[in-house]
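# Per-entry structural report
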Amino acid sequence: MSKETFEFQAETRQLLNLMINSIYTNKEIFLRELVSNASDAIDKLHYNSLTNTELLEGNSNYEIYLIPDKDSKTLTISDNGLGMNRDEIVENIGTIAKSGTKAFLEQMQKAKEENADLSDKELIGQFGVGFYSAFMVAEKVTLVTRKAGEAQAYRWESTADGSYTIEECEKETRGTSITLHLGKEFAGEGENDFTDNWTLQNLIKKYSDYVRYPIKMAFDKEEKPKDEEGKVIEDAEPVKTTEIRTLNSMKPLWTKNKSEISQEEYTEFIKNQFHDWEAPMEIFHNKTEGNVEYTSLLYIPAKAPFNLYHTDYEPGIQLYSRQVFIMDKCKDLLPDYLRFVKGLVDSPDLSLNISRELLQQSRELKTIGKSLEKTVLKALAKKMENHRDEYEKFWEQFGKSIKIGIYNSMFGGNDTVDKLKELVLFTSSKENKNVSLKEYVGRMPESQKKIYYAAGTDMATIEKLPQMELLKEKGLEVLYLVDPVDEFAIETIRQYEGKDFQSISRGDLDLDDAESQEVKKETETIAKDNTDMIKDIKEVLGDKVSEVKVSSRLKSSAVCLVTDAQGPSLAMEHTFAAMDNPMFKARRILELNPKHDLFARLQNLHAQGKDSADFKDYCDLLYTQALIIEGIMPENPVDFANKLAKLMAK
Ligand code: ADP
């Protein structure tokens, strides 16, 4: 087969451009990325060989080699891991499989245009580009690989100019060799000379010391020869020899004592082991010897990965047994609402040789999982209490996970709500600050029976809702639910310390003060006196609303749209529609303000006859207004504009 040329996928091209145009100043980290890919490939081979020893081809000495060459200005990183076949090269190296890549690049572009306070580094940190970082230092990259157990090897090559080539070639040993044809400034003198043994040795010490496979390199030596007894022959000419040295200590960090580990060491380890680009927000390193013996090193990343809620985000914890790798992403250890927690567990009680399915059901794993979940939740609760600023940062990044967890517990997971409800924060009408449910209830006046909330796309919109006016005037605190999942979570919590949640746009507000009781009575009388008109308005609007009511919740606005206490709200309907699930419709109720001048006008028009064109137009305009206030586009905007124009021209 001859050489074939392929185009990079558009997003990959864009990312490559970003890499080359140097978004990341710390270029040396390319080595860490390539070494950890090599180490992953060996992990994979080892794992597959447990069920198919032939893959080892008689060689289970796992190793990674660095081969610098000053003359050709190249650096080769070579592993004897799993390798790739042709299709895998195209899939893994030619494309970026992550589904949110495009969205990520757009976000990056936008941040740039807006000169946002986000550095590229921070953004790329959420993404992680691994292999492509090679192009930060290389003008051309040649990858030669042979998949374990297969005969044919392939050479992949690219100068990052938008395309790459693949051709068949020979390779004796299994695994992958990546040769970087270094740019001028990376193969000369100085600390950025990546053909220099000492530079490379230091980088490995700095970034990859804990890689569990030996990273080896040849060192030239000049020594005087020795005689038969092993004594140096003093007057002989020195001879050149090479010596292969292992550059990394290979002692897994997690086996050391906490007190012996510096923060920098933890950070470097985590970056290396889990392909993270930033120092973590929180680290949990524990050794436990109880029923089940294990060591865990878990962490919460500084930033939520950009695809945390995409289906292609794979949560999970690495499993080891006595430092031998078992599995990369075990999903069954922690509940899904802790999907952002990363790290590893090493336990002699986990068996190496049982199937993945059995392992996932094992009692030991369940015990470990339960205790880790407790550790993380306890630490979060403590953070909220003692380091509120830090907790708010956590909440900004990962709060959504917790809220989705609460909502999902509707489908099983009975004590989830109890475990998570104290961790939840909402923005609030008071001081526009975040508030927990405990804080909200703690500062509620005694007469207040319910916890009020309002849902909408953003705070500014909610604040201007006609329904907000009355509550503001009464000084009642309202939780602002701006994340689509918020209302679902609240519906699932249902009650907090015996207090029900009450949307300002649903059902009856249930205000208890004397004035509100008075208004309620008044409203009932007005409703009774206007029964016919209300009925006729409903008739004009037909199916658009399920009910028309005289309102007791409005102050200066003429109308508002609310929904039933039961069933989905308007915001929930919107969320369902966005998920392509338009079946869940809110029961819309149009409320009219009896104190507004428009109400009297409506009464006049109605008195002239319920079939008059004006009355009908008014009804329709009122309803459409109410929709617009809620941020819902009228079904027929032209009709709305025409009716409005007609009225204005009168
Ligand atoms: P990530 O490692 O985050 O998946 P990379 O861009 O670093 O992203 O690598 C993309 C994929 O290419 C890897 O997931 C792996 O399947 C494959 N790959 C990279 N390097 C190697 C290697 N040395 N041996 C085998 N496969 C590799």
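Provided above is the structure to which this section pertains.
Residues numbered from 1 in each chain as written. Predicted model: local features only at pLDDT ≥ 70, side-chain atom pairs only at ≥ 80, totals over all residues. Heavy atoms only, no water.

## Quick word on the site of the ligand
Close to the ligand lie twelve residues; Asn 37, Asp 79, Asn 92, Phe 131 and Thr 176 are nearest. Within the side chain of Asn 37, one N or O atom sits 2.8 Å away from an oxygen atom of the ligand. With respect to the ligand, the side chain of Thr 176 contributes an N or O atom lying 3.2 Å from a nitrogen atom. Within the residue set of the shell around the ligand, elements represented by two or more residues are α2 (29–49) and α3 (86–94). Looking at the shell around the ligand element by element, the count peaks at three residues for α2. Split into classes, the residues belonging to the shell around the ligand amount to five nonpolar, five polar and two charged. (Near = heavy atom within 4 Å. Polar contact = N/O pair within 3.5 Å; in protein donor to acceptor, adjacent residues only side chain to side chain. Helix = DSSP H or I, 4+ residues; strand = E, 2+ residues; numbered from the N terminus. Nonpolar A, V, L, I, M, F, W, Y, C, P; charged D, E, K, R; others polar.)

## A few points about the pairing of strand β2 (residues 64–69)
Note that β2 and strand β3 (residues 74–79) share six bridges and pair antiparallel. Each bridged residue has a counterpart across the sheet, and for Ile 64 the counterpart in β3 is Asp 79. Here β2 folds back onto β3, and the loop between the two strands holds four residues, one of which, Lys 73, carries a positive phi near 55 degrees. In the sheet, β2 pairs with strand β8 (residues 215–223) via three bridges, with the strands oriented parallel. (Pairing = 2+ DSSP bridges.)

## Notes on the environment of Lys 73
Here Lys 73 shows up in the loop between β2 and β3. Linking Lys 73 and Asn 530, residues 457 residues apart in sequence, is a C-alpha distance of 90 Å. Not counting residues within four places of it along the chain, the set of residues in contact with Lys 73 comprises Leu 180, His 181, Leu 182, Ala 187 and Thr 195. (Contact = heavy atoms within 4.5 Å.)

## Overview of the side chain of His 285
With respect to the secondary-structure elements, His 285 resides in strand β10 (residues 282–289). Among residues more than four places away in sequence, those in contact with His 285 are Leu 253, Trp 254, Lys 256, Lys 258, Ile 261, Tyr 266, Thr 295, Ser 296 and Leu 297.

## Observations regarding the side chain of Asp 43
Here Asp 43 is to be found in helix α2. Reaching out from Asp 43, the side chain makes a polar contact with the side chain of Tyr 213 at a distance of 2.5 Å.

## Notes on the sheet that holds strand β5 (residues 153–158)
Pairing in this open sheet of nine strands is mixed, and the strands run β1-β6-β5-β4-β7-β3-β2-β8-β9 from one edge to the other. One side of each edge strand has no neighbouring strand; the edge strands of this open sheet are β1 (4–7) and β9 (239–246). The mean inter-strand angle of the sheet, taken between neighbouring strand axes irrespective of direction, is 20 degrees. Both β5 and strand β6 (residues 163–169) contribute to a ladder of six bridges, which runs antiparallel. By the bridge assignment, Ala 153 is partnered in β6 with Cys 169. Across the face of the sheet, α3 comes into contact with β1, β4 (138–146), β5 and β6 while running at roughly 155 degrees to β6. The strands that helix α6 (residues 197–208) touches are β2, β3, β8 and β9; relative to β8, the one it contacts most, it runs at about 145 degrees. (Axes fitted to C-alpha atoms, helices over the stretch in contact; angles between N-to-C directions.)

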